[in-house]
Protein chains: 2
Amino acid sequence: MDLHRFYSSLAIRNDRKRKIVLLLIDGLGGLSHEGYGYKTELEYASHPNLDRLASRGATGMLTPVLPGVTPGSGPAHIALFGMDPLSFTIGRGVLEALGIGIVPDPSDVLARGNFCTVDDKGVIIDRRAGRISTDTCEQRLSLLRDIRVPGCDIELHAVRDHRFVLRLKGSDLGGRIDDTDPGKVGEKPKPAAGRNPPAEATAGFVNAFVAQALSRLRGTSAANALVLRGFSMQPSVPSFDELYGLRSAALAIYPMYKGLARVVGMDILNCGTDFADQLRTLETHWDDYDYFFIHYKYTDSCGEDGEFLSKAHHIETLDGSIDRLVSLEPAVLAVTGDHSTPAALRSHSWHPVPLLLVSPTCRRDGSSAFTESVCARGGLGTLESKYLMGVLLAHALRLEKFGA
Amino acid sequence: MDLHRFYSSLAIRNDRKRKIVLLLIDGLGGLSHEGYGYKTELEYASHPNLDRLASRGATGMLTPVLPGVTPGSGPAHIALFGMDPLSFTIGRGVLEALGIGIVPDPSDVLARGNFCTVDDKGVIIDRRAGRISTDTCEQRLSLLRDIRVPGCDIELHAVRDHRFVLRLKGSDLGGRIDDTDPGKVGEKPKPAAGRNPPAEATAGFVNAFVAQALSRLRGTSAANALVLRGFSMQPSVPSFDELYGLRSAALAIYPMYKGLARVVGMDILNCGTDFADQLRTLETHWDDYDYFFIHYKYTDSCGEDGEFLSKAHHIETLDGSIDRLVSLEPAVLAVTGDHSTPAALRSHSWHPVPLLLVSPTCRRDGSSAFTESVCARGGLGTLESKYLMGVLLAHALRLEKFGA
C-alpha cells in the first residue's frame, strides 16, 4: 500500500481542535563554512527562541528523498506533504507553470519553452537567444498567440528572459513527450515524440504548433526558434481533506509554493509580502483550518546566491517573530526545511535538513539548540521526509492504532 | 524477496552454542512527564544493572512499524520476530483467541463476538448489553453451544464481560468477512458478507449460526443478540526452525504472548507467574533451545493505567533480577519493548522503543545508561523492529556473508 494511503487508513478525521503547523524554512540546511569558523548558517545565527523550542521539544533530521539525493522543490515538497517523491513526480513544465501562478487543470499538458537562435539551416547557434529580455520574450510570444491547432487550445506565458510556459488544454492529452531541445548547439530542435498513444496525439499538436511558430519567427534576428522540454501533467494526488480529514491552508508568498500546496488540495491564503504578514494571516484564519503550511523563502534565495551572512540574518529575523506563532499553541509545531541550500555550494544540496518538533505528546530529548549538529543527534533520529506527515498526525493524536 | 526469506537464505543453522535472548519489556518506551521533571518512566527509574549492560554493549531505538504508527500487540510482535508487520497481519479475532489461550489451526476462522441488546424490531439499543458479567456471558453461550451448521464446526469461548470468541473449524473456510457489528446503536446487526468466494461460503455459515442464535436468545431481557467483528485466520508464517534452524522457546505469562510466539513456531514453556519464575524456567531449559523470547508484561499494564511510578517500579524490579539472566552468558542479549506505552498517554504510542544489545560481537558505543535519551543517540541508530531479528542472528554469528 502507498505510504499516504496507509497513513490515511489510520486517520482520525475532522478533529477541529488539535492543529498542526509546518513552518518550512526553504533551504534551511547549511554547510560548515571555512570563513565562519566552520559553522553552518544555522549554527552561526543567533536564534534563542528556536533554541528554547528545541529544549521543550525534540529534534532530528529529514532526508528529503534518499541519502545523497539533492531534490528540486517539487519532490522536496511532495515528500513533506506525505507522498513518496519517487512515485509522484512534478514535471518541469508543471513546476514552471506553478512558479508563475498558473494552476494547471489535471488534463493540461505543460512544457517549459526556451527561445533560441538558429541559422538559416535551422541549426541552433545560441540556446538562450542571447538571453533576450523578458519584454522581448513577451513580444515574440505575441506573434504566436493566435496560432490555432485543431484538437487543443494553446496558451503561452512569459516567465523570464528567454523562458516561457506552453500550456495545452484539451481532453485526452498525454504528457509523456520527449524534449524537443537537443541540449546543445550545432543541432536542430527535434520533433516532439510521444511515448504512448495519448502522448503521440499530443506530440502531433505540438509539432503543428511549432511549425507555424517557426514560420512566424523567421526573419527575426535572434530568438527566431524555440525548444520545449519537461512536458508534464500535474500528478493526480488526493487532497489532505480526502486523505486525512484535514482542513489545510498554505501561507506562501511565492507562486510556486502556493501551486505545490494546491496540488494536495490546500486552500491558498492571501498573505502579503513578508513573515509578519504571514503571521497576521495565520492569526486571522486560526480557527478555520487544522493544518497550516507556512513557507519562508528568503533563506533559500540567500543560499543560492552564496550569501552566508544574509541567510543567517533571515534565520534571525524569523526567530525574532516566532513567539507569535508559538503563542497560538498548535498541538504540533514542526520547524524544518524542504532541503539544504548551503551558501558554500550556492545550490540545493543532498544534506539532511534539521527538524524541530514541539508538542505536548513529543518525547523531550534534551536538545539544547536548533542546529545541524544537535539535530543529527536528536531523539527523532533521521527520517525520510515522506514520513513527517505521519509523525505530525501522530503527535496531534490524529492516527488510530494499527492492528489489534 | 521478503525480509525474513532473505535473512533465512543467509542463516547458519543448528548452531547449538550461541544463544540469543530477547527480553521484551512490554510497552517499555515512555514519554517525558511534567510531574516527574520531564523524565520518562525509564529515565526516572533506577536500574544500575541495565545501565551497566549498556556500558558494555550498544544501544539504539526501534520503530515498531513506521514513523508515527502506533502498533497493536500483533504487528509489534510480528515485527520483532522478523516479519514485515504490513504483510503479516493478525486479525482481532485471532488475537482475541490467542489472548484466552486458544491456538487456532491455520484453517480456522475466528471472530470476536459481543453480546448486545436489541429492541423488538432487532435494532441495537445497547452495544455492550449493559456489560453483563462473564458469568452471564457464559450462561448465554451455553444456550448456543449445541447449534449445528452444516459445513463447519463451531466453538464458542467466553472472554470477559459481554465479549466472546467465535471459532469456525472446517476446510476451505475464508476469513475475509466484514463485521456484522454496525458500530453504533440505532441500527440492526448486519448480515456477514464475504469478500471472496471462500469467505462468501463461510459468511453463509456465520449467518446460519446467527439466525439460530437469535431465536434462542429471544426473550432474554439483555444480551438478546450478538455482533461479530474482526473475522480472521492465522497468517501462515514459517517457523523459526524452518527459517533459521533455531530451536526457539517463549517464556510468557499472558496467553496472548504465548499465542503470538506460537505463530512463529516457538515452544511455549510453562513458566509460573512472575519474572523470578520465568528466570528459573530459563535456567532449567537453557541447554534445550537456541533462542529465548522472554515477555515481561507489567510495564505495559501500568502504562495503560497511567501509573507512571508503578511502571518505573516494575522496571526496577526487573533490573534487580537481570544479573541472573546475564550470568547464563547468552551470545546475544537484547532488551527492548514491542512498543511504547507512556503513562502520560495511557495507551500504546508511536514513539520509538529503547533497545539495548549486549554481545561479544557488538560494537561498544559508549552508552552510559539505558534510557530513551541515551538510546536515541546510540550506536545502533534507529531501526524498524522488523530488522532486529537479522541483527540478533548476525551478532550470534548465525548469518553467512551475502554475496561473493
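In what follows, the structure referred to is the one given above.
A brief report on the enclosed structure follows.

Parameters at a glance
Residues numbered from 1 in each chain as written. Chains lettered and ligands numbered in written order. Predicted model: local features only at pLDDT ≥ 70, side-chain atom pairs only at ≥ 80, totals over all residues. Heavy atoms only, no water. Helix = DSSP H or I, 4+ residues; strand = E, 2+ residues; numbered from the N terminus. Rg over C-alpha atoms; globule rule 2.2 N^0.38 Å. Contact = heavy atoms within 4.5 Å. Areas by Shrake-Rupley, 256 points an atom, 1.4 Å probe, with all protein chains shown as cover. Lys, Arg positive; Asp, Glu negative; His and termini not counted. Charge placed at Lys NZ, Arg CZ, Asp CG, Glu CD. Core = buried A, V, L, I, M, F, W, Y, C linked by side-chain atoms within 4.5 Å. Buried < 20%, exposed > 50% of the residue type's maximum accessible area, 1.4 Å probe, protein only. Pairing = 2+ DSSP bridges. Axes fitted to C-alpha atoms, helices over the stretch in contact; angles between N-to-C directions. Expected span 1.5 Å × (residues − 1). Arc of directions from axis to C-beta. Parallel < 35°, antiparallel > 145°, perpendicular 65-115°, else oblique. Nonpolar A, V, L, I, M, F, W, Y, C, P; charged D, E, K, R; others polar. Polar contact = N/O pair within 3.5 Å; in protein donor to acceptor, adjacent residues only side chain to side chain. Salt bridge = Lys/Arg side-chain N within 4 Å of Asp/Glu carboxyl O. Buried area = accessible area lost by both parts, 1.4 Å probe. Left-handed = near helix turned anticlockwise from the far one by under 90°.

## Let's talk about the overall build of chain A
And then number 1: Check the secondary structure of chain A and you find 14 helices and 13 strands.
And then number 2: Its C-alpha radius of gyration of 23 Å places chain A within 12% of the 22 Å reference for a compact globule of 404 residues.
And then number 3: In terms of overall dimensions, chain A has a C-alpha envelope of 70 × 55 × 35 Å along the principal axes.
And then number 4: Taking as baseline every contact in chain A between residues at least 6 positions apart, the subset at least 24 positions apart corresponds to 74%.
And then number 5: As displayed, chain A has an accessible area near 15600 Å², and 48% of this comes from carbon and sulfur atoms.
And then number 6: Distance from the positive charge centre (44 side chains) to the negative charge centre (48 side chains) of chain A: 2 Å.

## Re unusual backbone geometry
And then number 1: Of note, the phi angle at R131 of chain A is positive, near 45 degrees, even though the residue is not glycine.
And then number 2: Its location among the elements puts R131 of chain A in the loop between β4 (124–126) and α6 (134–144).

## Things to note about the nonpolar core
And then number 1: In this structure, F240, Y244, M266, Y291 and F293 of chain A are the most contacted members of the largest nonpolar core, which totals 61 residues.
And then number 2: For this core, the element with the highest residue contribution is helix α14 (residues 388–395) of chain A, accounting for six residues.
And then number 3: The residues touching M266 of chain A, leaving out its near neighbours within four places in the chain, are F81, F240, S248, A249, A250, A261, Y291 and F293 of chain A.
And then number 4: If you look at the next biggest cluster of nonpolar residues, it comprises 48 residues, including A11, I78, A97 and A331 of chain B.

## Topic: the sheet that holds strand β13 (residues 382–384) of chain B
All names here are of chain B.
And then number 1: Reading across from one edge, β9-β8-β10-β1-β11-β12-β2-β13 is the order of the eight strands in this open sheet, with mixed pairing throughout. Taken across any chain shown, the strands that pair with only one partner, and hence form the sheet edges, are β9 (267–268) and β13.
And then number 2: By the bridge criterion, five bridges tie strand β2 (residues 58–63) to strand β12 (residues 353–358) in an arrangement that is antiparallel. Pairing of A58 across the sheet is with L357, part of β12.
And then number 3: Against the sheet, helix α12 (residues 308–326) touches β1 (20–25), β10 (291–296) and β11 (332–336), its axis set at about 170 degrees to β1.

## Structural notes on helix α7 (residues 197–217) of chain B
Since one α-helical turn is 3.6 residues long, residues separated by three or four positions face the same way.
Residues and elements named next belong to chain B.
And then number 1: The first and last C-alpha atoms of α7 sit 30 Å apart over 21 residues, in line with the 30 Å expected at 1.5 Å per residue.
And then number 2: Looking only at α7, the buried set comprises A199, T202, A203, F205, V206, F209, V210, A213 and L217. The arc that holds the buried residues of α7, viewed along the axis, is 160 degrees, so those residues lie on one side.
And then number 3: In this fold, the buried residues of α7 make contact with β3 (109–118), α6 (134–144), β5 (153–160), β6 (163–169) and β7 (225–232).

## Here we look at the pairing of β5 of chain B
All names here are of chain B.
And then number 1: Note that β5 and β6 share seven bridges and pair antiparallel. Bridge assignment links D153 to a residue of β6, and that residue is K169.
And then number 2: The turn linking β5 back onto β6 is made up of two residues, and D161 within it adopts a positive phi angle of 55 degrees.

## Here we look at the packing of helix α10 (residues 275–284) of chain B against α12 of chain B
Residue and element names in this part refer to chain B.
And then number 1: As a packed pair, α10 and α12 sit with axes 10 Å apart at the nearest point and diverge in direction by 5 degrees. Taken together, the axes of α10 and α12 lie roughly parallel to each other. When α10 is examined against α12, the residues F275, A276, L279, R280, L282 and E283 are found in contact with a partner set consisting of L318, S321, R324 and L325.
And then number 2: A per-class count over the contact of α10 with α12 returns six nonpolar, one polar and three charged.

## What to know about the sheet that holds strand β13 (residues 382–384) of chain A
What holds strands together in a sheet is hydrogen bonding between their backbones, with the strands either parallel or antiparallel.
All names here are of chain A.
And then number 1: Taking strand neighbours across the sheet as the criterion, the eight strands line up as β9-β8-β10-β1-β11-β12-β2-β13 in an open arrangement whose pairing is mixed. Two strands bound the open sheet, and with one partner strand each, they are β9 (267–268) and β13.
And then number 2: The sheet contact formed by strand β1 (residues 20–25) and strand β10 (residues 291–296) spans six bridges and is parallel. Within β10, the position partnered with L24 by the bridge is H295.

## A short note on the environment of T40 of chain B
And then number 1: Within the secondary structure, T40 of chain B is located in the loop between β1 and α2 (41–44).
And then number 2: The residues contacting T40 of chain B, other than those within four sequence positions of it, are R363 of chain A together with G30, L31, S32, F308 and E372 of chain B.
And then number 3: A polar contact of 2.6 Å, which involves the side chain of T40 of chain B, links it to the side chain of E372 of chain B.

## Details of the pattern of salt bridges
And then number 1: In this structure the tally under the stated criterion is 46 salt bridges over all chains.
And then number 2: When the shortest N-O distance is used, the salt bridge between E41 of chain B and K311 of chain B registers 3.6 Å. With E41 of chain B in helix α2 and K311 of chain B in helix α12, this residue pair connects regions lying 270 residues apart in the sequence. For the residue pair E41 of chain B and K311 of chain B, the accessibility class agrees, reading buried in each case.
And then number 3: With a closest N to O distance of 3.5 Å, K386 of chain B and E384 of chain B form a salt bridge. The exposure classification of K386 of chain B matches that of E384 of chain B, with both residues buried.
And then number 4: The structure contains a network of salt bridges with shared partners spanning D105, D108, E155, R167 and K169 of chain A.

## Structural notes on the side chain of E96 of chain B
All names here are of chain B.
And then number 1: With respect to the helices and strands, the residue E96 is situated in helix α5 (residues 92–99).
And then number 2: A distance of 2.8 Å separates polar atoms of two side chains, one belonging to E96 and the other to R163.
And then number 3: Excluding residues within four positions of it along the chain, E96 makes contact with R112, V159, R163 and V165.

## Description of the environment of L388 of chain A
Residues and elements named next belong to chain A.
And then number 1: Considering the arrangement of structural elements, one finds L388 in helix α14.
And then number 2: Separated by 257 residues in sequence, L388 and R131 place their C-alpha atoms 41 Å apart.
And then number 3: For L388, the contacting residues outside a window of four places in its chain are L22, L62, L80, T336 and L355.

## Points about the interface of chain A and chain B
And then number 1: The partner chain B presents 34 residues to the 27 residues of chain A that form the contact.
And then number 2: Where chain A abuts chain B, roughly 2200 Å² becomes buried across the two surfaces, and 63% of that area is made up of carbon and sulfur atoms.
And then number 3: Contact with chain B buries area across many residues of chain A, yet R363, F402 and A404 of chain A alone supply 37% of it, more than any other trio.
And then number 4: Where chain A packs against chain B, one counts 13 residue pairs in polar contact (both at pLDDT 80 or more).
And then number 5: Where the side of chain A that touches chain B is concerned, the elements lending two or more residues are α1 (3–10) and α14 of chain A.
And then number 6: Looking at the side of chain A that touches chain B, its residues break down into 13 nonpolar, eight polar and six charged.

## Things to note about the packing of α6 of chain B against α7 of chain B
A pair of packed helices can be characterised by two numbers: the angle between their axes and the separation between those axes.
All names here are of chain B.
And then number 1: Taken N-terminus to C-terminus, the directions of α6 and α7 make an angle of 115 degrees; their axes are 9 Å apart at the nearest point. Read as a crossing pair, α6 and α7 show a hand that is right-handed. The residues of α7 that touch α6, namely those facing R140, L143 and L144, are F209, A213, R216 and L217.

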